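Each chain, written out:
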Amino acid sequence: SEDLMSYREISYDVDRGAALVTLRRPEKLNAYTPDMGEELVDALRLAISDEHVTAIVLTGAGRAFCAGADRGFYHGERGRCGLRLGEEHFLNGFVTELADCEKPLIVAVNGVASGIGATMLLPFDIRLASNKAALDFPFVRLGISPGFGASYFLPRLIGMGLANDILLNSRKLGAQNAKQLGLVQQIIPQEQLLSSALAMARYIGGAPPGIVARCKQLLKDGCDGSLVEAIEREQFSAREMIGNFQGQTH
């Protein structure tokens, strides 16, 4: 892990196969800036391409996950990177790279996740939340259109009715509510959240080679295709993966 870009608004660590990316502007509730976006793209690409990394965890430092876009950039101010909010690759195309990631993506939502803080969670595979977490979708109230693929992910995760309800009513969901709707998979006490997320990352990352990527792809394809196509893909995949285990086909 030499030659790391020196990050100012996030941190990046790799420990026993798990890459941990932490939003790190705790005094600003980790509010998102174009510079943070540039750093996130750099760190996540690093994790995706590093053969020693088998799983990726994203979390926030301090009491919030991410309070949304930093208001200092609402009026076209440029970040240190020279870009205005929305010009940086994180908000401008990176979501497809993230969604195509073959490694397990886990997010540990340690506090409030608002606006881009809420939409950046949606492409992740598994969302773990502390009891202090909240998912806030204030877009319609603010007159802002949601981004980061939210219009694709929300209805797939929770269905069209709930997606409309949450977006049009600018809802803020507490951890329990988010879990009931299926936006969060588990609620974990704050002090165990990060260690649980890293343990899960290592557990999933320890699966035989190729199977996690294959399952992620099957589920993604299955969301859009027919049952017949899904079964054909599963059968093809089973034949391909059979070398991974001895003599067991089911």
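Residues numbered from 1 in each chain as written. Predicted model: local features only at pLDDT ≥ 70, side-chain atom pairs only at ≥ 80, totals over all residues. Heavy atoms only, no water.

### Side note on the environment of Arg 202
For Arg 202, the position within the fold is in helix H8 (residues 190-205). On the accessibility criterion, Arg 202 (22% relative accessible area) is partly exposed. Each C-alpha atom of the pair Arg 202 and Pro 123 lies 20 Å from the other, and the pair is 79 residues apart in sequence. What Arg 202 contacts, discounting residues up to four positions off in sequence, is Asp 15, Arg 16 and Ala 18. A distance of 3.0 Å separates the side chain of Arg 202 from the backbone oxygen of Asp 15, its partner in a polar contact. (Helix = DSSP H or I, 4+ residues; strand = E, 2+ residues; numbered from the N terminus. Buried < 20%, exposed > 50% of the residue type's maximum accessible area, 1.4 Å probe, protein only. Contact = heavy atoms within 4.5 Å. Polar contact = N/O pair within 3.5 Å; in protein donor to acceptor, adjacent residues only side chain to side chain.)

### Observations concerning helix H10 (residues 227-241)
One turn of an α-helix holds 3.6 residues; hence residues three or four places apart share an orientation. Taking 1.5 Å per residue as the helical rise, H10 with its 15 residues ought to reach 21 Å, and the 21 Å between its terminal C-alpha atoms agrees with that figure. Of the residues making up H10, those classed as buried are Ala 230, Ser 237 and Met 241. Taken end-on, H10 shows its buried residues confined to a sector of 30°, consistent with a single buried face. Opposite the packed face of H10, turned more than 90 degrees from it, sit the exposed residues Val 228 and Arg 239. Tucked into the core, H10 has its buried residues touching helix H9 (211-224). (Expected span 1.5 Å × (residues − 1). Arc of directions from axis to C-beta.)

### A look at the sheet that holds strand S9 (residues 172-174)
Pairing between the strands of a sheet is mediated by backbone hydrogen bonds and can be parallel or antiparallel. Overall, mixed pairing links the four strands, which are arranged S4-S6-S8-S9 in an open sheet. Across the chains shown, the open sheet's two edge strands, defined by having one partner strand only, are strand S4 (64-66) and S9. Across this sheet, the average inter-strand angle for adjacent strands is 15°, counted without regard to direction. When strand S8 (residues 134-136) meets S9, the two strands line up antiparallel, connected through three bridges. Each residue of the ladder has a partner; that of Ala 134, found in S9, is Gly 174. (Pairing = 2+ DSSP bridges. Axes fitted to C-alpha atoms, helices over the stretch in contact; angles between N-to-C directions.)

### Details of the sheet that holds strand S3 (residues 55-60)
Read across the sheet, six strands follow the order S1-S2-S3-S5-S7-S10 without closing on themselves; strand pairing throughout is mixed. Two strands close off the open sheet at either side, each with one partner strand: strand S1 (10-15) and strand S10 (186-188). The average undirected angle you get between the axes of adjacent strands in this sheet is 20°. As defined by bridge partners, S1 adjoins strand S2 (residues 18-23) across six bridges and the pair is classed as antiparallel.

### Quick notes on the pattern of salt bridges
A complete count under the given rule lists 14 salt bridges for this structure. The closest approach of N and O atoms between Arg 80 and Asp 35, which form a salt bridge, is 4.0 Å. One end of the pair, Arg 80, is in the loop between S4 and helix H2 (94-99); the other, Asp 35, is in helix H1 (residues 34-49), with 45 residues separating them in the sequence. You can call Arg 80 partly exposed: its relative accessible area is 46%. Counted as one network, the salt bridges with shared partners bring together Glu 9, Asp 35, Glu 39 and Arg 80. (Salt bridge = Lys/Arg side-chain N within 4 Å of Asp/Glu carboxyl O.)

### Notes on the pairing of S3
The buried count for S3 comes to six of six residues, which makes it a mostly enclosed element. Judged by which residues are buried, S3 turns out to be covered on both faces: Ala 55, Val 57 and Thr 59 on one side and Ile 56, Leu 58 and Gly 60 on the other are all buried. In this sheet, S3 lies alongside S2 in parallel orientation, the contact comprising six bridges. Within S3, the residue paired with Ala 19 across the bridge is Ile 56. Two strands pair when backbone bridges link them, and S3 and strand S5 (residues 105-109) are joined in this way by four bridges, in the parallel orientation. Within the sheet, the bridge partner assigned to Val 57 lies in S5 and is Ile 106.

### Some remarks on the packing of H9 against H10
Interaxial distance between H9 and H10 falls to 11 Å at its minimum, and their mutual angle equals 170°. Looking at the two axes, H9 sits roughly antiparallel to H10. The residues of H10 that touch H9, namely those facing Ile 211, Arg 214, Leu 218, Asp 221 and Gly 222, are Arg 233, Glu 234, Ser 237, Glu 240 and Met 241. Here the contact of H9 with H10 is built from residues that sort into three nonpolar, two polar and five charged. (Parallel < 35°, antiparallel > 145°, perpendicular 65-115°, else oblique. Nonpolar A, V, L, I, M, F, W, Y, C, P; charged D, E, K, R; others polar.)

### Quick word on the environment of Leu 168
Relative to the helices and strands, Leu 168 resides in helix H6 (residues 160-168). Each C-alpha atom, one on Leu 168 and one on Val 140, is 6.0 Å from the other, the two residues being 28 residues apart in sequence.

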